[in-house]
Amino acid sequence: MGERFPLKARDHVGTPALKRRFNEAHFEEAAPRYDFAVKAMSLCRDASWKRALVAALPDLPAPACLDLACGTGDVAFLLGARYPRGTVVGVDLVTGMLRLAEGRNRYPNVRFEAGDLCALPFPDASADVVTGSYALRNAPDLRTALAEVRRVMKAGGAAAFLDFSRPEHPLLQRVQYILLRGWCGLWGTILHGTPEVHGYVAESLNGFPDRRRFADILRQEGFSIVASRRFFLGITELLVLRGRGTPPNREGV
Ligand SMILES: C[S@@+](CC[C@H](N)C(=O)[O-])C[C@H]1O[C@@H](n2cnc3c(N)ncnc32)[C@H](O)[C@@H]1O
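Calculation notes
Residues numbered from 1 in each chain as written. Predicted model: local features only at pLDDT ≥ 70, side-chain atom pairs only at ≥ 80, totals over all residues. Heavy atoms only, no water. Helix = DSSP H or I, 4+ residues; strand = E, 2+ residues; numbered from the N terminus. Rg over C-alpha atoms; globule rule 2.2 N^0.38 Å. Buried < 20%, exposed > 50% of the residue type's maximum accessible area, 1.4 Å probe, protein only. Contact = heavy atoms within 4.5 Å. Areas by Shrake-Rupley, 256 points an atom, 1.4 Å probe, with all protein chains shown as cover. Axes fitted to C-alpha atoms, helices over the stretch in contact; angles between N-to-C directions. Parallel < 35°, antiparallel > 145°, perpendicular 65-115°, else oblique. Left-handed = near helix turned anticlockwise from the far one by under 90°. Nonpolar A, V, L, I, M, F, W, Y, C, P; charged D, E, K, R; others polar. Expected span 1.5 Å × (residues − 1). Near = heavy atom within 4 Å. Polar contact = N/O pair within 3.5 Å; in protein donor to acceptor, adjacent residues only side chain to side chain.

Focus: the overall build of the chain
Scanning the chain from N- to C-terminus turns up nine helices and seven strands. Rg of the C-alpha trace for the chain: 17 Å, near the compact-globule value of 18 Å for 253 residues, within the 12% margin. Principal-axis analysis of the C-alpha atoms places the extent of the chain at approximately 50 × 40 × 30 Å. Within the chain, the proportion of its 253 residues that are buried is 54%. Pairs at least 24 apart in sequence give 69% of the contacts found in the chain among residues at least 6 apart. Here the chain has roughly 11,500 Å² of accessible surface; of this, 56% comes from carbon and sulfur atoms.

Put into structure tokens, the structure is as follows:
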């Protein structure tokens, strides 16, 4: 282990620029032990949630799929297997994550590319399917990221997002914060010598809308929620979405 990770999660979620910078450093630090950490933090449930995400997508013959904030590639590989005649691009901000994903890749129809959730390196209306697990919560700006998802999705395209879900009641929000800060921070301490790694989950949720507000924002940004499924007493939630009509500000599509 090198020098201890120096940044404090809570000081870096206030503005898009700070959050982006924190995430880049945080996930670069987390990358080498990320797969183990996610298994541990989710009590080995994470893989089944990701399988549920991909299983909830529609049957399509050869879709163009994007997996956002792909990390080490779990969901991209599940998409590659689910749609063998389709194509999958996993996108992530962090080089360490992308290198690990590329090293694990055994699918000829899956590739990885660097990119930011808020400035996706893809043309308008180019994706039939967009996915993200623990993705949108990390966006420097949620509405910009959702607008990007709508921009790259074809009309009527499908999306599915899995993430921690913030309860509506302030007391439950507090309990969730304490539990996640303690539990995820513990794994940060064990694996990286500081609770700031992975303790970030709790801080990022503090700046994230609660589940009702999140659903409102999704609708405002042009999505219909076609299914939702909650796991682990609602700590995480899978949302399956459809793009409604043509996104605003798109020309000639
Ligand atoms: C909690 S991990 C999730 C990884 C993977 N989707 C999974 O479920 O295992 C969050 C991922 O978001 C990426 N990330 C953070 N900020 C990002 C941004 N602005 N644009 C793209 N990816 C970002 C991180 O590098 C990291 O790989």
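Some words on the packing of helix 3 (residues 46–55) against helix 4 (residues 74–82)
Close contact between helix 3 and helix 4 brings their axes to 10 Å; oriented N to C, the two are set at 45°. In this view, helix 3 runs oblique relative to helix 4, as classed from their interaxial angle. Crossing geometry of helix 3 relative to helix 4 is assigned as right-handed. Contact residues: Asp 46, Lys 50, Arg 51, Leu 53, Val 54 and Ala 55 in helix 3; Asp 74, Val 75, Leu 78, Leu 79 and Arg 82 in helix 4. Looking at the contact of helix 3 with helix 4 residue by residue, the classes come out as six nonpolar, no polar and five charged.

Some remarks on helix 7 (residues 170–192)
Residues spaced three or four apart along an α-helix face the same direction, because each turn holds 3.6 residues. With 23 residues, helix 7 should cover 33 Å at 1.5 Å per step; its first-to-last C-alpha distance of 31 Å lies within 8% of that length. Within the span of helix 7, buried status applies to Gln 173, Gln 176, Tyr 177, Leu 180, Arg 181, Cys 184, Gly 185, Trp 187, Gly 188, Leu 191 and His 192. Tucked inside the fold, the buried residues of helix 7 contact helix 1 (16–30), helix 2 (34–41), strand 5 (153–164) and helix 8 (196–206). In the stretch just after helix 7, Gly 193 is the one whose phi turns positive, near 80°.

Here we look at the site of the ligand
The immediate surroundings of the ligand are formed by 18 residues, with Lys 50, Ala 69, Asp 92, Leu 117 and Ser 133 found nearest. Leu 117 has a polar backbone atom sitting 2.9 Å from a nitrogen atom of the ligand. In the environment of the ligand, an oxygen atom lies 2.4 Å from a nitrogen or oxygen atom belonging to the side chain of Ser 133. Expressed as a share of its isolated accessible area of 590 Å², the protein-covered part of the ligand is 97%. For the shell around the ligand, the class distribution of residues is ten nonpolar, five polar and three charged.

Observations concerning the side chain of Thr 236
Assignment of secondary structure puts Thr 236 in strand 7 (residues 236–243). In this structure, Thr 236 is in contact with Trp 49, Leu 162, Asp 163, Phe 164, Ser 165, Arg 229, Arg 230 and Phe 231, ignoring residues within four places of it in sequence.

Interpretation note: all reported values are geometric properties and have no functional meaning in isolation.
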